[in-house]
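The lines below spell out each chain.
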Amino acid sequence: MSTTPADSSPAAPQAVAERAIGIFDSGVGGLTVARAVIDQLPNESILYVGDTANSPYGPLPIAEVRANALGVMDELVDAGVKLLVIACNSASAAVLRDARERYTARYGIPVIEVILPAVRRAVAATRTGRVGVIGTEATVGSRAYEDTFAAAPNLHITSAACPDFVRFVESGITAGPELLSTAERYLAPLKAAHVDTLVLGCTHYPLLTGVISYVMGDSVTLVSSAEETAKDVYKALVSHDLERLSTNPPSHNFLSTGDAGQFGVLARRFLGPEVRGVEQVTHVSAHYPTGSIARITPEMIEAARSGGGARHISNFVLRDSVGKLAVSGNATGERT
């Protein structure tokens, strides 16, 4: 295991294994992944960040998704996490390759995403080869699922964007006539294509399993990436000798870049008693100020600690293979 950027001296394997797993999503949807990780790996600590100040990611340009995602993940790495989970389909589609080059190749930090695990499960589940994918506009537009499914022969993939599903989940709405009507409209192309397996290509969507299953019918298998992603987390921990073996209880911390109160209500509803509280941060590295990758200045940390009301901007710095400054910018995708 390579050292993290926050420490230039070699860390003892036991000390590295004690660190938290960093889980990142644009909002509360990634809590479905966190739930699966906690259930399958009850001895591991979790540091979860919901970038609710910039949520939802789905309608945003890819460049802005990329800027937001890399900004938060830089800060999670600076905070000392031992493994990163991109619990957001839009972010996975936008930055997976960059993330693995940036964190795994350079610092030895494994990066797990949610697309491949869902595809793997869908390929195993389908009986007819007719598979549906629903996701945000960013995920569907990126064709990340189609590209991943391309390795499996004899499949017919039908994709549909369901942007309002995220709004329903973030508002705490998981039932009702408006949601049902929206689901019937969104899912009509999938029913017309006679899919027998439907990938829930957004980590928010498992929270709407009831209405989606009702509309699609009992003969259609719904595939959520959460359980499969947690299995990949376990494999990565074992293969990199990162399992936490301490007998002390793990700690689970939840941060939100937006309204912590609203996030906390939804988090406790969807995840459970593990969410004892949610802290609002403008920057993760303001909460864990060890930063060396992210462009964190004393002024930014002070503004975050004083609770300044400025809109969250995930600053990021990209460097080329020899460490020279290549691109810098902010969450608007503007280069500087």
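Let me begin by describing the structure that accompanies this report. (Residues numbered from 1 in each chain as written. Predicted model: local features only at pLDDT ≥ 70, side-chain atom pairs only at ≥ 80, totals over all residues. Heavy atoms only, no water.)

### Considerations on the pattern of salt bridges
Quick reminder of the rule: The salt bridge criterion pairs a side-chain nitrogen of Lys or Arg with a carboxyl oxygen of Asp or Glu, the two atoms within 4 Å. Think of it this way: any DSSP run of H or I at least four residues long counts as a helix, any run of E at least two long counts as a strand, and we number them from the N terminus.
For the coordinates displayed, the defined rule picks out eleven salt bridges. Between Arg 35 and Asp 39 there is a salt bridge, with the nearest N and O atoms lying 2.9 Å from each other. With Arg 35 and Asp 39 both in helix α2 (residues 31–40) and four residues apart, this pair spans about one turn of that helix. A salt bridge links Glu 178 to Arg 167, with the nearest nitrogen and oxygen atoms 3.7 Å apart. One end of the pair, Glu 178, is in helix α9 (residues 177–192); the other, Arg 167, is in helix α8 (residues 164–170), with eleven residues separating them in the sequence. Through salt bridges that share partners, Arg 120, Glu 228, Lys 231 and Asp 232 make up one connected network.

### Details of the sheet that holds strand β5 (residues 130–135)
Worth spelling out the cut-off: A strand pair is defined by DSSP finding two or more bridges across the two strands. Every angle, taken between N-to-C directions, lies between 0 and 180 degrees, and every axis is a line fitted to C-alpha atoms, over only the stretch in contact when it is a helix.
An order of β6-β5-β7-β8 is seen for the four strands of this open sheet, with the pairing classed as parallel. Each having just a single partner strand, β6 (156–161) and β8 (221–223) make up the two edges of the open sheet. Direction aside, neighbouring strands of the sheet carry axes that sit 20° apart on average. Pairing analysis gives six bridges linking β5 to β6, with the strands arranged parallel. Each residue of the ladder has a partner; that of Gly 132, found in β6, is Thr 158.

### Quick look at the packing of helix α3 (residues 62–78) against helix α4 (residues 89–107)
Under the convention used in this document: Every angle not falling under 35 degrees, over 145, or within 65 to 115 is termed oblique; those three ranges are roughly parallel, roughly antiparallel and roughly perpendicular. Handedness of a crossing follows from how the near helix is turned relative to the far one, being left-handed for an anticlockwise turn of less than a right angle and right-handed for a clockwise one. Between two residues, a contact is recorded if the distance between any of their heavy atoms is within 4.5 Å. When residues are sorted by character, Ala, Val, Leu, Ile, Met, Phe, Trp, Tyr, Cys and Pro go into the nonpolar class, Asp, Glu, Lys and Arg into the charged class, and all the rest, Gly among them, into the polar class.
Their axes nearest at 9 Å, the elements α3 and α4 cross at an angle of 45°. In terms of axis orientation, α3 runs oblique to α4. Crossing geometry of α3 relative to α4 is assigned as right-handed. Along the contact surface, α3 presents Ile 62, Val 65, Arg 66, Ala 69, Leu 70, Met 73, Asp 74 and Val 77, while α4 presents Ser 90, Ala 91, Ala 94, Val 95, Asp 98, Ala 99, Arg 102 and Tyr 103. In terms of residue class, the contact of α3 with α4 is built from eleven nonpolar, one polar and four charged.

### A few points about the layout of surface pockets
Which entries qualify depends on this criterion: A 1.4 Å probe that fits into a set of points on a 1 Å grid over the protein atoms alone but cannot get out defines a cavity; an open set with protein on both sides within 12 Å along at least five of seven lines defines a pocket, and lining residues are those with an atom within 4 Å of a point. Grid points are joined across faces, edges and corners, and a volume is the space filled by probe spheres set on the points.
Put simply, the largest pocket is a space of about 230 Å³. Lining the largest pocket are Ser 92, Ala 93, Leu 96, Arg 100, Glu 113, Ile 115, Leu 116, Ser 142, Arg 143, Ala 144, Asp 147 and Thr 148. Of all the elements in the fold, those that place two or more residues in the lining of the largest pocket are α4, α5 (115–125) and α7 (144–149). The biggest single contributor to the lining of the largest pocket is α4, with four residues. Its residues placed into classes, the lining of the largest pocket shows five nonpolar, three polar and four charged.

### So, the packing of α5 against helix α11 (residues 225–239)
Relative orientation of the contacting elements α5 and α11 amounts to 115°, with a least axis distance of 8 Å. By the angle between their axes, α5 is roughly perpendicular relative to α11. Seen along the crossing, α5 lies across α11 with a hand that is right-handed. Residue-level contacts link Pro 117, Ala 118, Arg 120 and Arg 121 of α5 to Ser 225, Glu 228, Thr 229 and Asp 232 of α11.

### What about the side chain of Arg 102?
So the rule is basically this: Each residue's exposure class comes from its accessible area (1.4 Å probe, protein chains only) as a fraction of the maximum for that residue type: buried when under 20%, exposed when over 50%, partly exposed otherwise. N or O atoms closer than or at 3.5 Å make up a polar contact, with two conditions inside protein: a donor-capable atom paired with an acceptor-capable one, and, for residues adjacent in sequence, both atoms drawn from side chains.
Checked against the element boundaries, Arg 102 lands in helix α4. We classify Arg 102 as buried; its relative accessible area is 10%. Among the polar contacts listed, one links the side chain of Arg 102 to the side chain of Tyr 103, at a separation of 3.4 Å.

### Side note on the environment of Ala 192
When you line up the elements, Ala 192 lands in helix α9. For Ala 192 and Thr 158, which are 34 residues apart along the polypeptide, the C-alpha to C-alpha distance reads 9.9 Å.

### Here we look at the pairing of β5
In terms of burial, β5 is largely enclosed, as five of its six residues are buried. In terms of strand pairing, β5 meets strand β7 (residues 197–201) through five bridges, oriented parallel. In the sheet register, Val 133 faces β7, and the bridge partner there is Val 199.

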